Structure formats: structure tokens, C-alpha cells
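# Examining the three-dimensional arrangement
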Amino acid sequence: MNILFLTNADIKDCFYGGGKAARSCYELICKIGKTDIKVIKKKTSLSSVISILQGFYPPLTRKEIEKTKKICRQKKYDIVFLNTSIYGAAAKALKKEFPEIPVFVMFQNCELDYNEVRFSGKKSIKSSIYKILVKKSEAMTLKYGDYHAAFSKRDAARLKNLYGAGTDYILPLFLKDEADRQDLEEYAGSDSYCLLFGPNTPPNLEGAEWFAKNVSPCLKIKTVIAGKGMDVLAKEMQHEHVTITGYVEDIHELYKKARCVCLPQFSGGGMKVKMIEAMMFGKTVFGTDEAFSGYENDQKEIGFLCNTPDEFIKAINNFVQSEKGSFQKCVRKIYETEYSEQAAYSKMRHVLSKIAENGANGSSRDN
């Protein structure tokens, strides 16, 4: 099976959840078939302006669409795998020239909703333009893609509500295993903390500030906030209850020493990469409704649902005072059976094999 994997994420940049998830997906697809990758990512601000002037959601341009078509002319592909929903114009162009090649689209979230998060809900000329372009692109993706998959039922329902088009599959987010389980199980250090980890995206910054102000001072354990760019909060938020640091070289050590992980996220979309990462390291998670979106069936095994300061404070303090350790075998087991590369492999192989067999017109979704 020959597959062309098209993504807007830099799979070499794993500071951000998108890059880490895209890399995991690409490496998985490589195990299923002979896979070529085409990355279309932002290069300069000028390239984004060109995208907009051409009527595309950045960073897609006519030049990149032509490059993608050229790749398809040079090699016979059984599937074009779009690992993003913002390349609707590319899907349209590919279907026009190569109607026989099935186009499979993996929705990372509802990009129209995430666009609001990206601009923190603030209205401006730029945000308005991007909103128009992303809605246009997602609608085209649903129209010209032959098969569509969403991470969760919430995302699938939202796409159906917005665009009137259904999805074919629910394929949960997953991550390649980066943890040393034996090392985690054997760790018995006493210098533990409550960990908030992630780069300085708007949802992460919002959650970290809220947590440091409203929850950390009342906890019986120190809070550590870490991640690329998160040190911008140090001047305002760091105090005796909170330690803030930026880029962390060894995330295994960071997670190993954490007693628990907190995800106080109140905005965003899709399934949270950091939730799977916490499970990978066997950590009990305290998170909001938004953080647990897509993980509802496993929430009670993974950790505790908290949406208010009092709920976080009570649940975390009870946990810290309990005899439960920093590594939870049951949490790690959920990762292994539901959200690991091994768990995703059989599902994805089945889906792609079926698509390759049925061809471009085999979708049975409710449109």
C-alpha cells in the first residue's frame, strides 16, 4: 500500500502537542504502508499573506498544491492521508486530477472553533479573515475528501452541526510510548509536586494563571508549571507555592517526579495530547470537562473531574494525603490498551486497508 501523508505540523518540533501527535501518526502509517510525507508549514509571514491573497487558509498556497499534485503524478498512491482539515483546496485539486485516489482526512479538532481559541476570542481584521478562510477550507475538506475521521464523538457531532456532513470513523488520538515504565515504577523519591506541563499556547497560559492564583496556595504540595515559553509567567506567578520553568530537556524525569498532573483547561478543541502523555507516565490526572473531552469513558480510572478551585483543592489534597503513589498501574494500562501506538495500529490498519480496497467512492457516511 502506497500512502502520501500530508500535514501542516512540523513532526520534528515536539514541543507542541500537534507536532508530537503528527509524528506519532506518521510513524504509525509508515508501519502500515510505504509512506511519503509532504509537510506544508508556515515559513514566513509573507507566505501567510500570499496564502490569504490567494484565498487559502495559511500556510497553503497554489505553489504547494502544485507540488503535491506533482508528487502524485510521479508515483501511484493508494491513499492520500490528510492529517489536517485546513487543506480543503488541496483535497479539491487532488480529486479533480486524481479522482480514483481516495482522500482520507483526519480531523484534529474543529478548526473553526480552534481558530477562536487561537485569537483568544478577540475580534480583529485578521481573526475575521482567518475565520472566513478556515470555515471555507473545512467545508471543502468535508466535500472533497472521500473518508473522514474524528478523534471523538464530540468533534464528530460538532462538524455535523456546523457543516451538515458526517464522519466515517472515530479514531482516538494516540502517542508513541516515550516512558521507561520500570524506572517509573521503581521511583520512590519524596520531592514530588503537582505538575502542569505544556507550551505557552493561549489555553495553557489561561489555565496555568488561573491555577497558580486560585488553587496552588491552598494545596499541600508544590505546583510546578513547565513547558516551552511558560517562563513568561515566572515574574507574576512564581511564589513559595509555585515553581515555573520554561523548556525542559528531559520530560521523563519531569513526569517521574510528579505526584500527579493537572490540566486546568477551559478552552480548546479536540483531544488533549497532554492527557495521553500523563497516562503514558502513569500519572493520576485532575482536569476540567474540556481536558477530559474524548476521554469521558475512562475518566474515573484516569483521575478526577474538577472545574472549580474548591473541586481541584479538595481532590488534590485528598489524593496527596492518601497512600496512592506517583505511578498508577491502572492509568498506565489505559494508555497501553486505548491510546498507545500498539492500540492504534490495528484500528488504523483496518481502516486504511478497507479504504484502499473500496477506493474513492466507498464512503458510507451520512451526508
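Above this text sits the structure in question.
Rules used throughout
Residues numbered from 1 in each chain as written. Predicted model: local features only at pLDDT ≥ 70, side-chain atom pairs only at ≥ 80, totals over all residues. Heavy atoms only, no water. Helix = DSSP H or I, 4+ residues; strand = E, 2+ residues; numbered from the N terminus. Rg over C-alpha atoms; globule rule 2.2 N^0.38 Å. Buried < 20%, exposed > 50% of the residue type's maximum accessible area, 1.4 Å probe, protein only. Contact = heavy atoms within 4.5 Å. Areas by Shrake-Rupley, 256 points an atom, 1.4 Å probe, with all protein chains shown as cover. Lys, Arg positive; Asp, Glu negative; His and termini not counted. Charge placed at Lys NZ, Arg CZ, Asp CG, Glu CD. Pairing = 2+ DSSP bridges. 1 Å grid on protein atoms, 1.4 Å probe; cavity = no way out; pocket = protein on both sides within 12 Å on 5 of 7 lines; lining within 4 Å. Points joined across faces, edges and corners; volume = space filled by probe spheres on them. Nonpolar A, V, L, I, M, F, W, Y, C, P; charged D, E, K, R; others polar. Phe/Tyr/Trp six-rings, centres within 6.5 Å; stacked < 30°, edge-to-face > 60°. Core = buried A, V, L, I, M, F, W, Y, C linked by side-chain atoms within 4.5 Å.

### Quick word on the overall build of the chain
Broken down by element type, the chain carries 16 helices and 12 strands. Taking 21 Å as the expected radius of gyration for a compact globule of 367 residues, we find that the chain reaches 21 Å, a close match to that expectation. C-alpha atoms of the chain, sized along the principal axes, occupy 65 × 45 × 35 Å. A buried classification covers 55% of the 367 residues belonging to the chain. Long-range pairs, those at least 24 residues apart, make up 71% of the contacts in the chain between residues at least 6 apart in sequence. Approximately 16700 Å² of the chain is accessible, and the part contributed by carbon and sulfur atoms is 50%. Computed over 55 positive and 45 negative side-chain charges, the separation of the two mean positions in the chain equals 7 Å.

### Side note on the sheet that holds strand 6 (residues 169–170)
Across the sheet, six strands lie side by side as 2-1-3-4-5-6; this open sheet has parallel pairing. Only two strands of the sheet have a single partner each, and these edge strands are strand 2 (34–39) and strand 6. Alignment of strand 4 (residues 103–107) against strand 5 (residues 147–150), held across four bridges, turns out to be parallel. Bridge assignment links valine 105 to a residue of strand 5, and that residue is histidine 148.

### Topic: empty space enclosed by the protein
Enumeration over the complete set of coordinates arrives at three cavities of 30 Å³ or more. Put simply, the largest cavity is a space of about 150 Å³. As for the largest cavity, its lining consists of 15 residues, of which Phe151, Pro172, Leu173, Phe174 and Met348 are closest to the centre. When contributions to the lining of the largest cavity are tallied by element, the ones reaching two or more residues are helix 1 (17–32) and helix 16 (341–358). The residue inventory of the lining of the largest cavity, partitioned by class, reads 11 nonpolar, two polar and two charged. In this structure, the second largest cavity occupies an estimated 110 Å³ of space. Looking at the second largest cavity, it is lined by 13 residues, and the ones nearest its centre are Leu196, Phe197, Asn204, Cys262 and Pro264.

### With respect to the packing of aromatic side chains
Per the stated rule, a full pass over the model turns up 13 aromatic pairs. Linked through ring pairs, Phe5, Tyr26, Phe81 and Phe104 together constitute an aromatic cluster.

### Observations regarding unusual backbone geometry
The step from proline 58 to proline 59 runs through a cis peptide bond, and the omega angle for that step is 10°. Looking at where proline 59 falls in the secondary structure, it is placed in the loop between helix 2 (45–53) and helix 3 (62–74).

### Quick word on the nonpolar core
Among the nonpolar cores identified, the biggest contains 60 residues, and Phe81, Phe104, Met279, Tyr295 and Leu352 are the most heavily contacted of them. A per-element tally of this core places helix 1 first, with seven residues. Every residue in contact with phenylalanine 81, bar those within four places of it in the chain, is listed here: Ile3, Leu4, Phe5, Leu6, Cys25, Ile29, Phe104, Met106, Met348 and Leu352. Counting 34 residues, the second largest nonpolar core, distinct from the first, contains Cys72, Ala89, Ala91 and Leu94.

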